[in-house]
Amino acid sequence: MQRYRLSIKLKLLLAILPILAALGFLTTIFVSSYIQHSFRHDLEKQQLTLVTLMAQKLDDQFAAYQKTIVSFSKNIPRHALNNPQQLEQYLDSRQGLLEIFDNNVVVFSPQGVLMAETARRPSRTGTDFSFRDYIIQTRKNWLPAISKPFQSQLNHRPPVVMFTAPVLDKDGTPLAIVGGSINLLRPNLLGRLATTRIGTNGYFYLSDLDRTMIMHPDQNRLMKPVAAPGVNRLYDRALAGFEGVGETGNSEGVAMLTAFKRLSTVNWIMAAQVPVKEAYAAVNTARRLAWISTGGALLVLAILTIVAATHLLAPLQMLTTRVAQVDQDSEYQPIKFASNDEISELATAFNSLMYQLQARERDLRSSRELFQCLADFSQDWIFWRIPGGAMLYVSPAAEEITGYSVDELISEPDLSYTMIHPEDRKLWDQHLCKTDKGPDNKTIEYRIITKTGQVRWLRHTCVSIFDDNGELLGVRGSNRDITERKLALLTLKENEERFRLIAKAAHDAIIMTDLHHRISFWNPAAE
């Protein structure tokens, strides 16, 4: 399987971009997190400041309402308290008061029975309202009171809030109870606050501690429970006294960033909330832009890296092309570069290396040709056996000696052993070069049986070849055909033995001397 080759440009890109991408991503994450945390802290602070200011403004307005009704209780003519018709005329004449308390201005007896009012004609004089919470609160300590929101008994039954104050004699005896109610649906302070938007979809709402909705942009939710216990945990905390900012969900399940503040004049809770998606829209946009910028920067950097690498590595690419075109059989043409950098030094070093290689190649070729010439024309069977037993080279003389062709001896290395005469195989097995154990210049003589069945005598000499690291490269050796000389020696030995037998049996004296006249042989007859 061919391995995929990575270019230097790709390696450079893979080396630089992951590091820069990691740094860019970490920086973007850190900056985005910091911006989000800082923005959220500032937004929550602003949200809390906003709801605090609006609650303070509402407290101030309620205090003004209460102050107005207290002032009215002090200035109401005492003689008119016994005349309902005159009392109603007096109430109708107080236009400033009627503009403030836009729903109704009423006067009750100390027992809570209606004496006069402005909102209905004929009035409901004589109707008992002692059951109302604001009458109970006022009569409790004979102090001004602000009622809980309730449903008015007027025809359109608006949700209202009543401000009351006792009318006292000089000695503190209660003479009456005066009250002014505001319609939560009219464009008074609460009405304007209900239509005030925070951002695009944010709004304010008010509730009392009984979970009753006092003010909300959706009028259908007025005088209804805000949320059941456990549904809105942040609102539950606000009822328990929490003042601050947090994330919660509204009645429609939309995640909202809500700030709670309790009013000081009444036990009401004001909330200012804005959708989380809208609140964090700016920071989310900033984060998206940061990620897009980081990705764009990395893309531009990748392109610039490729362009720069292409420009810087162009000489190296040219050098690679020139090196690939080098022909070992032709005269080497040196590579030249006009630049004065590492690539130029590499080209110079390569030129020097090529000159040395060509010189060595020429020497090696000459040596190889000389060896080939000697081996091819030698009468000896020359061979080179590599580790494992395979034949790397067999000279042509082997075919004349063994009868087997060079191709057969190379393709079937075991022939060199199987052709050994069975009586001489033990001698061969004891020869070290057979097992490639080490260098051995010992010469042995053994017989082989040729392809045609002839017996020939060989004189074998071999030596093991090792590299500089001691690794065995193989065994080189030669086999010389000594059959004729061996046969001649055997013939001579036979003749000599025959002569000895004849001389020993002869009746004549036979004496042999050497050049120095020393007796080298005599027979029994000479004795």
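Computed from a predicted structure; not experimentally measured. (Residues numbered from 1 in each chain as written. Predicted model: local features only at pLDDT ≥ 70, side-chain atom pairs only at ≥ 80, totals over all residues. Heavy atoms only, no water.)

Q: Just checking my understanding: could you explain the sheet that holds strand E14 (residues 391-394) for this structure?
A: The strands making up a sheet associate through backbone hydrogen bonding, with each pair oriented either parallel or antiparallel. One open sheet holds the 5 strands; their spatial order is E14-E13-E17-E16-E15, and the pairing between them is antiparallel. The sheet terminates laterally at E14 and strand E15 (444-449), the two strands that pair on one side only. Going from strand to strand, the sheet's axes swing by 30 degrees on average, the running direction of each strand aside. Where strand E13 (residues 381-385) and strand E17 (residues 472-481) come together, 5 bridges link them in antiparallel fashion. Opposite Phe383, over in E17, you have Gly477 as the bridge partner. Contacting E15, strand E16 (455-466) and E17, helix H15 (residues 483-505) runs over the sheet at an angle of about 125 degrees to E16. (Pairing = 2+ DSSP bridges. Helix = DSSP H or I, 4+ residues; strand = E, 2+ residues; numbered from the N terminus. Axes fitted to C-alpha atoms, helices over the stretch in contact; angles between N-to-C directions. Contact = heavy atoms within 4.5 Å.)

Q: Would you take a moment to explain the pairing of E14 for this structure?
A: Successive side chains on a regular strand alternate, one facing one side of the sheet and the next facing the other. Pairing between E13 and E14: 3 bridges, direction antiparallel. Directly across from Trp384, in E14, lies its bridge partner Tyr393. Hairpin connection from E13 to E14: 5 residues lie between these consecutive antiparallel strands, with Gly388 at a positive phi of about 105 degrees.

Q: Would you mind showing me how to read the nonpolar core here?
A: Of all hydrophobic cores here, the largest spans 51 residues; its most connected members are Phe62 and Met270. The leading source of residues in this core is helix H1 (residues 8-75), at 9 residues. In terms of nonpolar packing, the next biggest core, distinct from the first, is built from 17 residues, Phe383, Met391, Tyr404 and Tyr446 among them. (Core = buried A, V, L, I, M, F, W, Y, C linked by side-chain atoms within 4.5 Å. Buried < 20%, exposed > 50% of the residue type's maximum accessible area, 1.4 Å probe, protein only.)

Q: I would appreciate a short explanation of unusual backbone geometry in the present structure.
A: Glycine aside, residues mostly have negative phi, and peptide bonds are mostly found in the trans state. Positive phi, close to 70 degrees, is recorded for Arg211, a residue that is not glycine. With respect to the helices and strands, the residue Arg211 is situated in the loop between strand E8 (202-208) and strand E9 (213-215). Non-glycine residue Met223 carries a positive phi angle of around 65 degrees. Of note, Met223 is situated in the loop between E9 and helix H6 (233-239).

Q: How do you make sense of the environment of Glu345 when you look at a structure like this?
A: Here Glu345 lies in helix H9 (residues 342-377). We classify Glu345 as exposed; its relative accessible area is 56%.

Q: Any chance you could explain the packing of aromatic side chains here in plain terms?
A: For any pair of aromatic rings, the description rests on two quantities: the centre-to-centre distance and the angle between the ring planes. One pass over the full model with this rule turns up 13 aromatic pairs. Seen from their ring centres, Phe129 and Phe131 are 6.2 Å apart, and the 25 degrees between their planes marks the pair as stacked. Since its relative accessible area comes to 4%, Phe129 is described here as buried. Of the aromatic side chains, those joined through ring pairs into one cluster are Phe62, Tyr65, Phe101, Phe163 and Trp268. The residue whose ring lies beneath Arg237 is Phe242, and the NZ or CZ to ring-centre distance is 4.1 Å. The ring of Trp457 is capped by Lys486, whose NZ or CZ atom sits 4.8 Å from the centre of that ring. (Phe/Tyr/Trp six-rings, centres within 6.5 Å; stacked < 30°, edge-to-face > 60°. Lys NZ or Arg CZ within 6 Å of the ring centre and 35° of its normal.)

Q: Looking at this structure, I do not really get a nonpolar patch on the surface. What am I missing?
A: A contiguous nonpolar surface patch, about 380 Å² in accessible area, is contributed by Phe25, Leu26, Ile29 and Trp291. With 3 residues, the single largest contributor to the nonpolar patch is H1. Locating Phe25 in the fold gives a position in helix H1. (Patch = residues over 30% accessible without salt bridge, like charges linked within 9 Å, V, L, I, M, F, W, Y side chains within 5 Å. Areas by Shrake-Rupley, 256 points an atom, 1.4 Å probe, with all protein chains shown as cover. Salt bridge = Lys/Arg side-chain N within 4 Å of Asp/Glu carboxyl O.)

Q: Any chance you could explain the pattern of salt bridges here in plain terms?
A: Close approach of charged atoms allows side chains with opposite charge to pair. Scanning the model with the defined rule gives 14 salt bridges in all. Residue Asp424 is joined to Arg447 by a salt bridge in which the shortest nitrogen-to-oxygen separation is 3.0 Å. Of this pair, Asp424 sits in the loop between helix H12 (415-418) and helix H13 (425-429) while Arg447 sits in strand E15, and the two are 23 residues apart along the sequence. Exposure remark for Asp424: the relative accessible area of 9% places this residue in the buried category. For Glu496, the salt bridge goes to Arg500, with nearest N and O atoms at 3.4 Å. One end of the pair is Glu496 and the other is Arg500, both in helix H15 and 4 residues apart, which spans about a single turn. Through salt bridges that share partners, Glu445, Arg459, Arg485 and Lys486 make up one connected network.

Q: Mind showing me how you'd approach the environment of His507 here?
A: Following the sequence through the fold, His507 ends up in the loop between H15 and strand E18 (511-513). Using a relative accessible area of 79% as the deciding quantity, one classes His507 as exposed.

Q: Whenever I open this one, the side chain of His216 confuses me. Can you help?
A: Along the chain, His216 falls in the loop between E9 and H6. Within the structure, His216 has its side chain in polar contact with the backbone nitrogen of Asp218 (distance 2.9 Å). Discounting chain neighbours no more than four positions away, the residues touching His216 are Ala194, Tyr203, Phe204, Tyr205, Arg221 and Leu222. (Polar contact = N/O pair within 3.5 Å; in protein donor to acceptor, adjacent residues only side chain to side chain.)

Q: Is there a simple way to explain H15 in this structure?
A: The periodicity of an α-helix, 3.6 residues per turn, causes residues three or four positions apart to be oriented the same way. Here H15 contains 23 residues, and its C-alpha end-to-end distance of 33 Å stays within 8% of the 33 Å for a straight helix at 1.5 Å per residue. Those residues of H15 not exposed but buried are Thr483, Lys486 and Ala503. The elements touched by buried residues of H15 are E15, E16, E17 and strand E19 (519-522). (Expected span 1.5 Å × (residues − 1).)

Q: What exactly am I supposed to notice about helix H4 (residues 133-141) here?
A: Along H4, the residues that are buried comprise Tyr134, Ile135 and Thr138. In a view along the axis of H4, the buried residues occupy a sector of 100 degrees, so they form one face of it. Relative to its buried face, H4 has exposed residues pointing more than 90 degrees away, namely Lys140 and Asn141. Structurally, H4 contributes buried residues whose contacts are with strand E1 (104-108), strand E3 (145-146), strand E4 (150-151), strand E5 (159-168) and strand E6 (174-183). (Arc of directions from axis to C-beta.)

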